[in-house]
Amino acid sequence: MERREVLKLLAGAASLPFLSPEAFSLFQAMHAQPGKNPALQALNPHQNATVIALSDRIIPSTKTPGAKAAKVNQFIDVIVADWYDEEEKESFLAGLAEVDARSQKLFGKDFVQLAPAQQDKLLTVMDGELADLYHPPAGYRKDRVNLLENNFFFRMKALTLTGYYTSQVGFEQELHESIIPPRHAGCAPVGEGAPGE
Amino acid sequence: MASKVYDAIVIGSGITGGWAAKELSEKGLETLVLEAGRPITPENDYVEHVPVWEKKFRGMNDTRKLDQEQPVQRTCGGLDEWNSKFFVNDRENPYTTPDGKPFLWIRGRQVGGRSITWGRQTYRWSDLDFEANLREGIAVDWPIRYADIAPWYDYVEDFIGVSGQAEGLPQLPDGKFLPPMEFNCAEVIVRDAIARHFPGERRMTMGRCAILTQLHRGRMPCHYCGPCARGCMTRSYFSSLNSTLPAALATGKTTVRPFSVVHSLVFDANTRKLTAVRVIDGQSKQAIEFRANVFFLCASALESARILLNSANPEFPDGLANSSGELGHNLMDHLMGGGARGRIEGNEDKAPLGHRPNGIYVPRFRNVKQKQSFLRGYGFQGGGSREGWQRGANTPGFGADFKQALGRPGPWSMGLYGFGECLPNHGNFIAIDKGKVDAWGIPTLHITAQWRENERALLQDMAVTASEMLEAAGAKDIDSFVEDNAPGLTIHEMGTARMGRDPKTSVLNAHNQAHDVQNLFVTDGACMASSSCVNPSLTYMALTARACDYAVQQMKRGEL
């Protein structure tokens, strides 16, 4: 929703006997202080905790901060709430629940309660299920893209990478990118600047 | 209402409108520029340095809003989460196409027009292009040749600033170049392999682009931040907003009026001249008329033709200045979608630094020396790069090692993407859809266009020759492709009011002046009698400056 539309909604609400909860939460979101965590829109607290745990095993903290510190979960919440269509949203949330189901089956606990090594075991299984799709064999399946995009772990991994490397932490600390580069060169030593184009 | 009479009115403020305003006002004419869209203030509206983490969808676009408001515009690869505001709202600007024949009409309505978001590639035509229609008996002969336009190419290049490398090729004349940008490692390998394997036939050069590589006429050199199509605070790339409009305003003789949606032109049957422009105010939606002595249509190929078609009157029942019946016909666009990509091994310790907003260019080599089974040809654009973190989504793994690997650049790859010439065809045309109006009540267009046999043959050939060049360079995992893009997507639409020698078969004469209406000039892409395969904007600019010079000379002689 555009700022202008929110203001219009609020202006309308002022003449009502009370401010609707929707308008109020929008108002709060609009005036959220930078650094303050915005309210989650799509994920419930458990789903959010699962997303944080998954993302932080995909991109853990090393010498540089990981996905949790980069607040990748907040980005994923925005995507699930305002970018995915209903079908994608349901499928993503069902995928999260499925992670717990598999975790329960393997270890008798929800994913967030597992030790990191146990979490990694489950991630290895989920990532391994994509092996054929990552490395399409000769005459690869035409439905590859479709299968990949409908796979929960593929989505989760792709969103984690986007959320992380487009965060200020990922961009500056991990990739050493700068918006205005120090100079231009066609072939500079790796490490002098950012990777890729 | 007695209203002021301007010396000149320019309709449109983009690539050609900016040039018309500059030239006419510098030659002393009091000039009114009518722009359909809103004003743009670089300080507020340019967003090239806004970090990706400040965008809600981190560069993935507000897809729901785009589906609602810009379903056509979003098909353009140049639209992103930062600059979608520089593209029109499709709901306000509807048009129709026949079932099964899509045409993608990508538009920008604001002061500066599409010059804010254009691709900045800048190439001269040659006589191979200007003589092609005559030689092959296709459409009509161009009324001009390279010698007529060459001094105007010089003139325009000198003002806008074009970086590039002189190559001495007859089919792609050299210009007045600022130093070229740098090749990267993959490009050097492919360039050298092409030179070795295809001597005298094919060659790779640095893209010639309207981006400054050194200080030029008060504008700063490029600082390689990358996303030009979001604006440029340092005015390092050419746009009317960055270059020609400030020059026009500096004369004190130019007025730019935004929110001026042109409805039609007013023709006086007694003098057989235009007297005024009917405008719908973009905000109040009130009708207003502006009067002038000479009129320059620079609204883009389709909009300019639409205005003329909407200006039908008893003298010209099929559209103003349309005694030939060619107005709206011969719509062309360049074809895109054929080419190849491959991996280039080695140079793992090197990577590009900064974001060069330009690629390589392989000038046309088909039907230059040897005849092919198809007509005309194509050039390749593209470039080399190292894969970034995005490769991670398609790579096995997760965790600390995975993160460390993605923090380093991936393999080098090289892509070659063809841009091919489209033949003029009377059957590709626009007509007014009287039953459907836009948000300002102006009748809209029905666009009928399709690729034909020659275009399809070019597209296939692009994939073949691109693969040959990558193979010659030792590229691995070569992926050649032929994509079926709808016409319009290259955003080089042209030809709807073509120039020609004969008033019976063309709309404009050799000076972009309407054969039928003396004080009407059309200098945008509408004027093109064929399409060449090179990016067209430089030619539009040169033709505009040339037409302005002619118009002012005629006015001084009292002949206009």
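Thresholds, definitions, all that
Residues numbered from 1 in each chain as written. Chains lettered and ligands numbered in written order. Predicted model: local features only at pLDDT ≥ 70, side-chain atom pairs only at ≥ 80, totals over all residues. Heavy atoms only, no water. Helix = DSSP H or I, 4+ residues; strand = E, 2+ residues; numbered from the N terminus. Buried < 20%, exposed > 50% of the residue type's maximum accessible area, 1.4 Å probe, protein only. Areas by Shrake-Rupley, 256 points an atom, 1.4 Å probe, with all protein chains shown as cover. Disulfide = S-S within 2.5 Å. Expected span 1.5 Å × (residues − 1). Contact = heavy atoms within 4.5 Å. Core = buried A, V, L, I, M, F, W, Y, C linked by side-chain atoms within 4.5 Å. Polar contact = N/O pair within 3.5 Å; in protein donor to acceptor, adjacent residues only side chain to side chain. Buried area = accessible area lost by both parts, 1.4 Å probe. Salt bridge = Lys/Arg side-chain N within 4 Å of Asp/Glu carboxyl O. Pairing = 2+ DSSP bridges. Right-handed = clockwise from strand over helix to strand, strands pointing away. Phe/Tyr/Trp six-rings, centres within 6.5 Å; stacked < 30°, edge-to-face > 60°. Axes fitted to C-alpha atoms, helices over the stretch in contact; angles between N-to-C directions. Parallel < 35°, antiparallel > 145°, perpendicular 65-115°, else oblique. Left-handed = near helix turned anticlockwise from the far one by under 90°. Nonpolar A, V, L, I, M, F, W, Y, C, P; charged D, E, K, R; others polar. Patch = residues over 30% accessible without salt bridge, like charges linked within 9 Å, V, L, I, M, F, W, Y side chains within 5 Å. Lys, Arg positive; Asp, Glu negative; His and termini not counted. Charge placed at Lys NZ, Arg CZ, Asp CG, Glu CD. Arc of directions from axis to C-beta.

In this section: the overall build of chain A. Within chain A one finds ten helices and one strand. Going residue by residue from the N terminus, the α and β elements of chain A occur as α-α-α-α-α-α-α-α-α-α-β. Sorting the 197 residues of chain A into buried and exposed places 42% on the buried side. When the accessible surface of chain A is summed, it comes to about 10800 Å², and 55% of that surface belongs to carbon and sulfur atoms.

We now examine the state of the cysteines. Disulfides are covalent bonds that connect the sulfur atoms of two cysteines. Taken as a whole and judged by the stated rule, the model has one disulfide over all chains. Between the sulfur atoms of A:Cys187 and its disulfide mate B:Cys185 the distance is 2.3 Å. Here B:Cys185 lies in helix 7 (residues 185–197) and A:Cys187 lies in strand 1 (residues 185–189), a pairing that spans two chains. Left without a disulfide partner, B:Cys548 is nearest to the cysteine sulfur of B:Cys298, which lies 7.1 Å away.

Right, let's talk about helix 6 (residues 146–160) of chain B for a bit. All names here are of chain B. For helix 6, built from 15 residues, the straight-helix expectation of 21 Å at 1.5 Å per residue is met to within 8% by its first-to-last C-alpha distance of 20 Å. Among the residues making up helix 6, those that are buried are Tyr146, Ile149, Ala150, Trp152, Tyr153, Val156, Glu157, Phe159 and Ile160. Buried residues in helix 6 make contact with helix 1 (15–26), helix 4 (127–130), strand 3 (162–163), helix 8 (240–250) and helix 12 (537–556). After helix 6 finishes, the residue Gly161 shows a positive phi value of roughly 85°.

Residues and elements named next belong to chain B. At Arg272, a residue that is not glycine, the phi angle is positive and equals roughly 55°. In this structure, Asn367 takes a positive phi of about 55° despite not being glycine. Looking at the element boundaries, Asn367 is found in the loop between strand 12 (360–362) and strand 13 (378–386). Taking relative accessible area as the criterion, Asn367 reaches 14% and is therefore assigned buried.

Before going further, it helps to spend a moment on the nonpolar core. Side chains of a nonpolar character, in soluble globular proteins, are inclined to be buried together. Formed by 153 residues in total, the largest nonpolar core has its most connected members in B:Ile9, B:Ile160, B:Leu265, B:Phe296, B:Leu320, B:Leu416 and B:Leu520. With eleven residues, helix 12 of chain B is the largest single contributor of residues to this core. In terms of nonpolar packing, the next biggest core, distinct from the first, is built from 46 residues, A:Tyr84, A:Phe154, A:Tyr165 and A:Val169 among them.

A few words now on the side chain of B:Ser115. Residue and element names in this part refer to chain B. Mapping Ser115 onto the fold places it in the loop between helix 3 (63–69) and helix 4. Overall, Ser115 belongs to the buried group, its relative accessible area being 1%. In this structure the side chain of Ser115 is engaged in a polar contact, spanning 3.0 Å, whose partner is the backbone nitrogen of Ser240. Ser115 has contacts with Gly14, Ile15, Tyr237, Phe238, Ser239, Ser240 and Leu241, leaving out every residue within four places of it along the chain.

With that settled, consider the interface of chain B and chain A. At the interface, 49 residues of chain B touch 60 residues of chain A. Across the chain B/chain A interface, buried area totals approximately 4900 Å², and carbon plus sulfur atoms make up 63% of it. Applying the counting rule to chain B against chain A returns one salt bridge. Ionic pairing is found between A:Asp82 and B:Lys56, a salt bridge with its closest N-O pair at 2.7 Å. In this structure, the connection of chain B to chain A is made through 24 residue pairs in polar contact (both at pLDDT 80 or more). Elements represented by at least two residues in the side of chain B that touches chain A include exactly helix 3, strand 11 (350–353), strand 13 and helix 10 (400–406) of chain B. Across three bridges, the pairing between strand 1 of chain A and strand 11 of chain B is antiparallel. Bridging from a neighbouring strand, A:Pro189 pairs with B:Lys350 of strand 11 of chain B.

Quick look at the pattern of salt bridges now. Opposite charge on two side chains makes pairing possible when the charged atoms of those side chains draw close. Residue and element names in this part refer to chain B. Enumeration according to the criterion identifies 42 salt bridges over all chains in this entry. Residues Arg135 and Glu131 are paired through a salt bridge, measuring 3.8 Å at the closest nitrogen-oxygen approach. On the basis of relative accessibility, which here comes to 47%, the residue Arg135 falls in the partly exposed class. Ionic pairing is found between Asp477 and Arg343, a salt bridge with its closest N-O pair at 2.9 Å. Placement of Asp477 in strand 17 (residues 476–482) and of Arg343 in strand 10 (residues 335–344) is noted, with a sequence separation of 134 residues between them. Look at Asp477 and you get exposed, because its relative accessible area is 58%. Among the ionic contacts, a cluster of salt bridges with common partners joins Arg107, Arg109, Glu303, Arg306 and Asp438.

Residues and elements named next belong to chain B. Here strand 2 (residues 31–34) shows a buried face lined by Thr31 and Val33 and a second buried face lined by Leu32 and Leu34. In this sheet, strand 2 lies alongside strand 1 (residues 5–11) in parallel orientation, the contact comprising four bridges. Paired with Val10 across the bridge in strand 2 is Val33. At this point the chain moves from strand 1, through helix 1, to the parallel strand 2, and the crossover so formed is right-handed. Looking at chain direction, strand 2 and strand 6 (residues 254–257) are connected through four bridges and run parallel. Considered in strand 6, the bridge of Leu34 is made with Arg257.

As a further point, take the packing of aromatic side chains. Residues and elements named next belong to chain B. In the structure shown here, the tally under the stated rule is 22 aromatic pairs over all chains. Aromatic side chains Tyr123 and Tyr361 sit 4.1 Å apart centroid to centroid with 25° between the ring planes, which places their arrangement in the stacked category. With a gap of 238 residues between them, Tyr123 in the loop between helix 3 and helix 4 and Tyr361 in strand 12 connect regions that are remote in the sequence. Each member of the pair Tyr123 and Tyr361 is classed as buried.

Residue and element names in this part refer to chain B. The six strands lie next to each other as 5-12-13-14-10-17, forming an open sheet whose pairing is antiparallel. The open sheet terminates on both sides in strands that have one partner only, identified here as strand 5 (205–206) and strand 17. Note that strand 10 and strand 17 share five bridges and pair antiparallel. Its bridge partner lying in strand 17, Arg343 is registered against Lys476. Along the sheet, helix 7 makes contact with strand 5, strand 10, strand 12, strand 13 and strand 14 (412–420), crossing strand 14 at roughly 60°.

Let us now look at the packing of helix 1 of chain B against helix 12 of chain B. All names here are of chain B. One way to put it is that helix 1 packs onto helix 12 with a least axis distance of 9 Å and a crossing angle of 30°. For the element pair helix 1 / helix 12, the angle class is roughly parallel. Where helix 1 crosses over helix 12, the two elements pack in a sense that is right-handed. For the pair helix 1 and helix 12, contact is made by Ile15, Thr16, Trp19, Ala20, Glu23 and Leu24 and by Ser537, Tyr540, Met541, Thr544, Ala545, Cys548 and Val552, respectively. When the residues that make up the contact of helix 1 with helix 12 are grouped by side-chain class, the tally is nine nonpolar, three polar and one charged.

This part covers a negative patch on the surface. A contiguous patch of negative charge on the surface is contributed by A:Asp85, A:Glu86, A:Glu87 and A:Glu90. On the accessibility criterion, A:Asp85 (40% relative accessible area) is partly exposed.

Residues and elements named next belong to chain A. Across its 22 residues, helix 5 (residues 86–107) extends 31 Å between first and last C-alpha, which sits within 8% of the 32 Å expected from 1.5 Å per residue. If you check which residues of helix 5 are buried, you get Phe92, Leu93, Gly95, Leu96, Val99, Asp100 and Ser103. Down the axis of helix 5, the sector holding all buried residues measures 140°, keeping them to one side. Along helix 5, the residues that are exposed and aim more than 90 degrees away from the buried face are Glu86, Glu87, Glu90 and Lys105. Buried residues belonging to helix 5 abut helix 3 (45–58), helix 4 (72–82), helix 6 (116–128) and helix 9 (152–165). Following helix 5 by one or two positions, Gly108 adopts a phi angle in the positive range, close to 70°.

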